[in-house]
Amino acid sequence: MPGGRRNPFSVTRIVEAVQHAQSNAQEVAQVAKSLAAAKLGQIPFVDIEIQFIGASGLPKMDVVGSADPYFVADVDEKLTFVSSVKVDTLTPVWNEIWRIKNVPAVADLHVQVLDKDDNAPHDDYIGKFKTSISKGAKEAEIEGPLLRKARGTFWLKIDSRPSVDADPSKFPYLFDGPMRFSRHYSPAVGRLTNLDDARLYSTWKMFLRGIPLFFGDQHQGWNRNYKSAQAIFQGPTSIAVRSGIQAGHRMLYARRTSNFFGVIGEFSDVAQLLHSGESSRPGVCQFENRIKPAVYTYIISSEDDSFRFSETGAAFFVDFASKHALHSNCAETVRYSGEFHPRPKGGWAAFSDNIKDQDVEWELVIDNNSGTYAPDKKLLPELKELLEYNFPGFGIFAYDREDPELEASREACREYALKNRGVNKDELQPHASCKEETLSYQVSSRAQELGQSSKRMLDSVTGGTMD
């Protein structure tokens, strides 16, 4: 129907699925079963687990070296998976897992393979392929952009079984793990004065499970009563403001070969993300493998349901109208936003570094402290349940931004960092030193470089004669 949702069981859709099945009898049987179910008025749904094994025979893409391949996969353009980058190889091995619940049985899996290029505005395109989600091991030919010439082979394995949910159509294409994360280092870190504080110039992106189960179709719009949000989202100057913030977002969340990728499997994996990290600063280095008393700014994205965060006090993010808008890429809505901090059971005020972290019950305190989006406090119970679902092993406490218990817990966290962990007071709130290059400065410098480059290119064509 024009303008409507595509029927997954239309004749065209079934014919396409049969064509993808080719000579694989198992795939043909699956399509025939789906067609029979469709005739009976039933829509079969399956829960799938995709293992992206690896590829071989990729073309050499770099002048120096071979290629730095990664891939982007989607199922019916409803849910997207982006892999880690494998450096300098034409035979990448990923062995990465993607689980999705409540998928129509005749859905398609699309995969694009790309070559990461840190020094270019766009990554090089290697090729793509499409296959059904029927059960079994698959060997797919990667089709290049010219005449569909083969540019290597991709191996994957799909496990498929009938959906276990009573009504799978209620939450279709539901991401079910494993939770993956990436840590992004700012490209400016190498030029900063405080090289030991690289953690303060980092962002994290984590994919949480089951967000629609708790938030449904609820999203939080930007706060029309907040002056900073008004400057970003409305008025004649808002386009320029958004452009600067979005340029900063691209720098912060760029996929680079230097990014760190991982999977959250248990409590210790989350705890490790909250460690202080490497440092040679006096009074700090001995705590690099301990949970850091720090406050983080976060958003849960409406775009891809990812959990994005950075340390609230990082001076690198100063000069921006809103750190929440910086994380959301100036999205007009988010699922939720605010701040969070870890604490030992009983609070930081009652803690001592003589106690080992593994001997402590840890808690996450999360709130709705975001002026840009002002999330509804009525959804704090759902936020609490979402984090309990994703982070078993942590006690979860969700507070409204005006709750005095939140302020007491947050200040105790900061006070402990000052007294016991070698943190300086100016690190607790964004404040850049005179020698420090902020993200805002980097964005401005990059814009000037691009402008000068464009002018040189224009002059080379016109001979510099244009007024």
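Residues numbered from 1 in each chain as written. Predicted model: local features only at pLDDT ≥ 70, side-chain atom pairs only at ≥ 80, totals over all residues. Heavy atoms only, no water.

### Comments concerning unusual backbone geometry
The amide bond that connects Gly-177 to the next residue, Pro-178, takes the cis arrangement and shows omega of -10 degrees. Of note in this structure, Tyr-173 is not a glycine but carries a positive phi near 50 degrees. By the secondary structure assignment, Tyr-173 is in the loop between β8 (150-162) and β9 (174-175). Phi at Asp-305 takes a positive value of approximately 60 degrees, unusual for a residue other than glycine. Here Asp-305 lies in the loop between β14 (296-301) and β15 (306-311). (Helix = DSSP H or I, 4+ residues; strand = E, 2+ residues; numbered from the N terminus.)

### Comments concerning the pattern of salt bridges
Considering all chains together, one arrives at 20 salt bridges under this definition. Here Asp-304 and Lys-205 are joined by a salt bridge, their closest N and O atoms 3.4 Å apart. Of this pair, Asp-304 sits in the loop between β14 and β15 while Lys-205 sits in strand β11 (residues 202-207); the two residues are 99 residues apart in sequence, bridging distant segments of the chain. When its relative accessible area of 26% is taken as the criterion, Asp-304 is described as partly exposed. (Salt bridge = Lys/Arg side-chain N within 4 Å of Asp/Glu carboxyl O. Buried < 20%, exposed > 50% of the residue type's maximum accessible area, 1.4 Å probe, protein only.)

### Some remarks on helix α8 (residues 380-390)
For α8, every residue scored as buried is listed here: Leu-380, Leu-383, Leu-386, Leu-387 and Asn-390. The buried residues of α8 occupy an angular sector of 115 degrees when the element is viewed end-on, so they sit on one face. (Arc of directions from axis to C-beta.)

### What to know about the environment of Leu-156
Examined against the element boundaries, Leu-156 turns out to sit in strand β8. Leu-156 sits in the buried class, given a relative accessible area of 1%. Between the C-alpha atom of Leu-156 and that of Glu-139, which follows or precedes it by 17 residues, the distance is 6.7 Å. Setting aside residues up to four positions removed in sequence, Leu-156 forms contacts with Ile-50, Gln-51, Phe-52, Ile-53, Leu-109, Phe-129, Gly-136, Ala-137 and Lys-138. (Contact = heavy atoms within 4.5 Å.)

### Structural notes on the packing of aromatic side chains
Under the defined criterion, the tally for this structure stands at 29 aromatic pairs. For the ring pair Phe-181 and Phe-260, a centre distance of 5.9 Å and an interplane angle of 45 degrees mean the geometry is tilted. Here Phe-181 is found in strand β10 (residues 179-185), whereas its partner Phe-260 is found in strand β13 (residues 260-264), with 79 residues between them in sequence. On the basis of relative accessible area, Phe-181 is assigned to the buried category, the value being 9%. Overall, Phe-260 belongs to the partly exposed group, its relative accessible area being 46%. Between Trp-348 and Tyr-416 the ring centres are 5.1 Å apart and the planes differ by 40 degrees, which places this aromatic pair in the tilted class. (Phe/Tyr/Trp six-rings, centres within 6.5 Å; stacked < 30°, edge-to-face > 60°.)

### A closer look at the side chain of Ser-301
The residue Ser-301 is located in strand β14 in this model. Discounting residues that sit within four places of it in the chain, Ser-301 has contacts with Ser-306, Arg-308 and Arg-335.

### Some details on helix α9 (residues 404-420)
With 17 residues, α9 should reach 24 Å at 1.5 Å per residue; the first-to-last C-alpha distance of 24 Å fits that figure. All of the buried residues along α9 are Leu-406, Ser-409, Arg-410, Cys-413, Arg-414, Tyr-416 and Ala-417. Looking straight down α9, one finds that the buried residues subtend no more than 155 degrees of arc, so they occupy a single side. Exposed and oriented more than 90 degrees from the buried face of α9 are Pro-404 and Lys-419. At its buried positions, α9 is contacted by β16 (333-344), β17 (362-367) and β18 (395-399). At the N-terminal end of α9, a side-chain oxygen is found 2.9 Å from the backbone nitrogen of Glu-405, two or three residues along, and the residue is Asp-403. Where α9 ends, the next residue or the one after it, Gly-422, has phi of about 70 degrees, a positive value. (Expected span 1.5 Å × (residues − 1). Polar contact = N/O pair within 3.5 Å; in protein donor to acceptor, adjacent residues only side chain to side chain.)

### Side note on the nonpolar core
Core analysis: the biggest nonpolar cluster contains 38 residues, and Met-206, Tyr-298, Ile-300, Phe-340 and Phe-391 have the highest contact counts within it. With four residues, the single largest contributor to this core is α8. Those residues in contact with Ile-300, other than ones at most four positions away along the chain, are Ile-211, Phe-215, Asp-305, Ser-306, Phe-307, Val-334, Arg-335, Tyr-336, Leu-383 and Leu-386. Formed by 31 residues, the second largest nonpolar core is a distinct cluster that contains Phe-52, Leu-79, Ile-142 and Phe-154. (Core = buried A, V, L, I, M, F, W, Y, C linked by side-chain atoms within 4.5 Å.)

### Some words on the confidence of the model for the chain
Detailed reading of the predicted coordinates is not advisable wherever pLDDT is low. Per-residue confidence for the chain averages 82 on the pLDDT scale, and 75% of its residues sit at or above 70. Every residue in residues 1-6 scores below 50 in pLDDT, and together they form five contacts with partners more than four places removed in sequence or on other chains. Scored below 50 in pLDDT, residues 315-319 shows 28 contacts in the model against residues more than four places distant or in partner chains. (pLDDT = per-residue confidence, 0-100.)

### Let's talk about the side chain of Asp-305
Take Asp-305: its relative accessible area is 17%, and that puts it in the buried class. Among the polar contacts made by the side chain of Asp-305, one reaches the side chain of Arg-335 at a distance of 3.2 Å. Every residue in contact with Asp-305, bar those within four places of it in the chain, is listed here: Leu-208, Ile-211, Pro-212, Ile-300 and Arg-335.

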